[in-house]
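Take a look at the letters that make up each chain.
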Amino acid sequence: MEKMGSSINRKSMARLHKAKVMIAGEQLRLRLHDGKLIKDRRYHLRTYPNCFVAQELTDWLISNKEAPDRATAVCLMQHLMDHDIVHHVCDKHPIFKNAKLLYRFRKDDGTFPFNTEVKVFIRGQRLYEHLITGRDSILQLREEQGVAYQRSIPGCQLMDWLLQNGETESRRQGLEFCRALLEHGIIQHVSKKYDFFDSRLLYQFCINFRRRRHLSELLNETERDKKEGASVHALEDNHADSPFVLPKIPPQEERSGFQSAVQPNKPLKMIPNVHQAILNSLQLHASGYLPPATLSSAPVVRCNPKSVLKRNVTCEELLSPGAPFIKRVLTVMGDAVGWGFVIRGVAPVYVQAVDPGSPAAAAGVKVCQFVCQVNGRSVLHLDYLQVTRLVMTGPRTVVLEVMEPLGS
């Protein structure tokens with residue numbers, strides 16, 4: 001039991017730390033955008049969009065008291081690089097250097113690797129925001145066995161909410177999703193005694209998705225986890241033959257949240273047998289979801305921002321009489337995972353990638369199609385971020401009007 005318990009603890013702590021890194025990285029990205037440190041920059045006759053200069057960033061971290069000195073600032077950014085949050089614009093420098101080199105957040109160029117933990121935490125964040133911000137929130141003060149618990153909800157009522165709001169298609173699917181949230185430490189039974197059940201048992205969120213996290217906390221936690229991990233390994237080595245059972249993951253009390261969304265984009269290669277959810281796009285402000293039945297860790301898919309278009313096409317060319325394009329109207333019925341296609345570009349937006357097994361593929365969405373309308377609204381002159389917001393704030397069923405090249 002000790003062996004399995006320590007192993008579960010280690011996995012839970014690793015997932016928690018990964019979530020904290022994503023949260024801190026996303027909060028940093030938004031602050032850098034607000035401070036105009038992230039912008040389009042020109043180097044050797046080439047423009048690199050949405051990037052920052054390493055040396056300027058280290059100065060910013062020190063001046064904003066995120067790091068006491070340059071060495072610590074470099075370590076913090078290297079930590080983000082090691083977790084695939086930040087990378088060199090040409091991927092030539094795997095080490096973060098305090099120099100006049102250009103780096104970029106993977107969310108800003110659509111190369112963020114989407115794995116199981118990422119999807120679970122993003123969907124958990126979306127659920128948290130929905131439940132916590134409503135005027136008549138169903139997270140209320142309730143009692144269980146004579147003890148009062150703030151912002152709690154019965155499991156059966158949470159299941160009802162998921163079904164009523166189209167978050168799951170069945171109670172079975174909702175049960176699997178909620179157990180995934182519990183397994184990843186996002187929700188917990190109020191007294192930490194039970195797994196998730198579709199019953200009157202009370203559950204709470206154990207992550208504060210709105211708490212701001214300082215980057216320096218990450219390094220301190222990493223050093224502490226290394227020490228704890230060493231003692232865990234020693235314990236396991238001494239109990240290699242002991243029998244065990246599978247205990248529940250002990251939830252963590254203090255967590256932070258993923259403030260923005262992930263926008264996976266532009267996958268160029270896919271690893272065989274990876275679930276199609278890895279390609280989910282249109283993930284602005286809480287989307288892109290793990291299918292509840294898929295709880296094991298999926299391999300990470302590396303993405304490439306290179307456009308699939310053979311040449312640039314203007315809006316005027318698409319609308320000109322006799323242009324070699326055909327208009328199609330497609331209805332994409334999103335599922336619990338999402339829609340399953342990737343958009344890129346600016347006026348016009350085009351389809352960069354489509355998951356073969358996704359709702360988008362079933363609806364006829366194809367690579368190189370240009371998006372003209374979303375739910376009856378013209379989007380020809382918008383960029384992919386604006387189109388993403390439009391889709392994400394609309395219904396789960398999306399009606400797309402697209403233009404595709406003749407003969408495609």
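Along each chain, residues carry numbers from 1 onward, in the same order as the chain's sequence is written. Note on the predicted model: pLDDT of at least 70 is required for a residue's local features to be given, and 80 or more for side-chain atom pairs to be given and counted; whole-chain, interface and lining totals, by contrast, use all residues. Each side-chain value is derived from all of the structure's non-hydrogen atoms; neither hydrogens nor water enter the calculation.

Caption draft 1: The packing of aromatic side chains, seen in detail. Centre distance within 6.5 Å is the pairing criterion for rings of Phe, Tyr and Trp, where only the six-membered ring of Trp is used; planes under 30 degrees apart are then read as stacked, over 60 as edge-to-face, and the remainder as tilted. One pass over the full model with this rule turns up 6 aromatic pairs. Note on Phe196 and Tyr203: the rings are 4.6 Å apart at their centroids and 40° apart in plane angle, and the pair reads as tilted. For the exposure calls, accessible area comes from a 1.4 Å probe over protein chains only, and a residue counts as buried if that area is under 20% of its type's maximum, exposed if over 50%, partly exposed in between. Taking the relative accessible area as the measure of exposure, Tyr203 reaches 2% and is therefore buried. Site record: aromatic cluster; members linked through ring pairs are Phe52, Phe96, Tyr103 and Phe105. Here, a charge over a ring means that NZ of Lys or CZ of Arg falls within 6 Å of the ring centre while also lying within 35 degrees of the ring normal. Here the guanidinium or amino end of Arg123 rests over the ring plane of Phe177, the centre of that ring lying 3.8 Å away. Stacked on the ring of Phe197, the Lys or Arg Arg179 has its end atom at 5.2 Å from the ring centre.

Caption draft 2: Region of the structure containing the side chain of His87. Among the secondary structure elements, His87 is positioned in strand S3 (residues 86–88). Assessed through its relative accessible area of 4%, His87 is described here as buried. In protein, a polar contact means a hydrogen-donor-capable atom and an acceptor-capable atom, both N or O and within 3.5 Å, with residues adjacent in sequence counting only if both atoms are side-chain atoms; elsewhere, any N or O pair within 3.5 Å suffices. Of the polar contacts made by the side chain of His87, one reaches the side chain of Asp109; its length is 2.6 Å. Residues count as neighbours in contact if any of their non-hydrogen atoms are within 4.5 Å of one another. Once residues within four sequence positions are removed from consideration, His87 is found in contact with Met81, Tyr103, Arg104, Arg106, Asp109 and Thr111. Secondary structure elements are defined from DSSP: runs of H or I of at least 4 residues count as helices, runs of E of at least 2 residues count as strands, and each element is numbered from the N terminus.

Caption draft 3: Here's a closer look at the sheet that holds strand S5 (residues 140–144). The rule for pairing is simple: two strands pair if DSSP sees at least two bridges between them. Ordered in space as S5-S6-S8-S7, the 4 strands form an open sheet in which the pairing is antiparallel. Of all strands in the sheet, those bounded by a partner on one side alone are S5 and strand S7 (187–189). Going from strand to strand, the sheet's axes swing by 60° on average, the running direction of each strand aside. By the bridge criterion, 4 bridges tie S5 to strand S6 (residues 147–154) in an arrangement that is antiparallel. Inter-axis angles, ranging from 0 to 180 degrees, are taken between N-to-C directions of lines fitted to C-alpha atoms, where helices are fitted over the stretch in contact.

Caption draft 4: Seen up close, the pairing of strand S2 (residues 46–53). Inspection of the sheet shows strand S1 (residues 39–43) paired to S2 by 4 bridges, in the antiparallel sense. Within the sheet, the bridge partner assigned to Lys39 lies in S2 and is Cys51. Two successive antiparallel strands, S1 and S2, enclose a turn made up of 2 residues, where His44 displays a positive phi of approximately 50°. As paired elements, S2 and strand S4 (residues 102–105) share 2 bridges and run antiparallel to each other. From the neighbouring strand, Phe52 faces S4, where its bridge partner is Tyr103.

Caption draft 5: Region of interest: the confidence of the model for the protein. Predictor confidence is given residue by residue as pLDDT, running from a minimum of 0 to a maximum of 100. The predicted model of the protein averages 75 in pLDDT, with 71% of residues at 70 or higher. When the criterion is pLDDT under 50, residues 1–8 qualifies, and its contacts beyond four places in sequence or with other chains add up to 20 contacts. Long-range and interchain partners of residues 226–304, a stretch whose pLDDT sits below 50, account for 240 contacts in this model, where long-range means more than four residues apart.

Caption draft 6: Spatial organisation of helix H6 (residues 155–164). Gly155, Cys156, Leu158, Met159, Trp161 and Leu162 are the residues of H6 that are buried. For H6, the elements touching its buried residues are helix H5 (116–133), S6, helix H7 (171–183) and strand S8 (202–205). Where H6 terminates, the next one or two residues include Gly166, which has phi positive at roughly 70°.

Caption draft 7: Just H5, in detail. For a helix, the expected span equals 1.5 Å multiplied by the number of residues minus one. With 18 residues, H5 should cover 26 Å at 1.5 Å per step; its first-to-last C-alpha distance of 26 Å lies within 8% of that length. Within H5, 16 of the 18 residues are buried, which leaves the element mostly enclosed by the surrounding structure.

Caption draft 8: Representation of the nonpolar core within the structure. To form a nonpolar core, buried Ala, Val, Leu, Ile, Met, Phe, Trp, Tyr and Cys residues must be joined to one another through side-chain atoms within 4.5 Å. Counting residues in hydrophobic clusters, the biggest one holds 51 residues, and the most contacted among them are Phe52, Leu57, Met77, Val86, Leu127, Ile186 and Phe205. The biggest single contributor to this core is H5, with 8 residues. The next biggest cluster of nonpolar side chains, apart from the first, holds 22 residues, and it includes Leu330, Val349, Val371 and Val402.

Caption draft 9: Inspection of the packing of helix H2 (residues 54–63) against helix H3 (residues 70–82) at higher detail. Between H2 and H3, whose axes approach to 9 Å, the crossing angle comes to 110°. On the basis of the axis angle, H2 is roughly perpendicular to H3. Here H2 runs over H3; the crossing is right-handed. Contact residues: Gln55, Leu57, Thr58, Asp59, Leu61 and Ile62 in H2; Arg70, Ala73, Val74 and Met77 in H3. Grouping the amino acids of the contact of H2 with H3 by side-chain chemistry returns 6 nonpolar, 2 polar and 2 charged. Small angles under 35 degrees read as roughly parallel and large ones over 145 as roughly antiparallel, with 65 to 115 read as roughly perpendicular and the rest as oblique. By convention the crossing between two helices is left-handed if the near helix lies anticlockwise of the far one by an angle smaller than a right angle, and right-handed if it lies clockwise. Only Asp, Glu, Lys and Arg are considered charged in this grouping, and only Ala, Val, Leu, Ile, Met, Phe, Trp, Tyr, Cys and Pro are considered nonpolar; every other residue, Gly among them, is considered polar.

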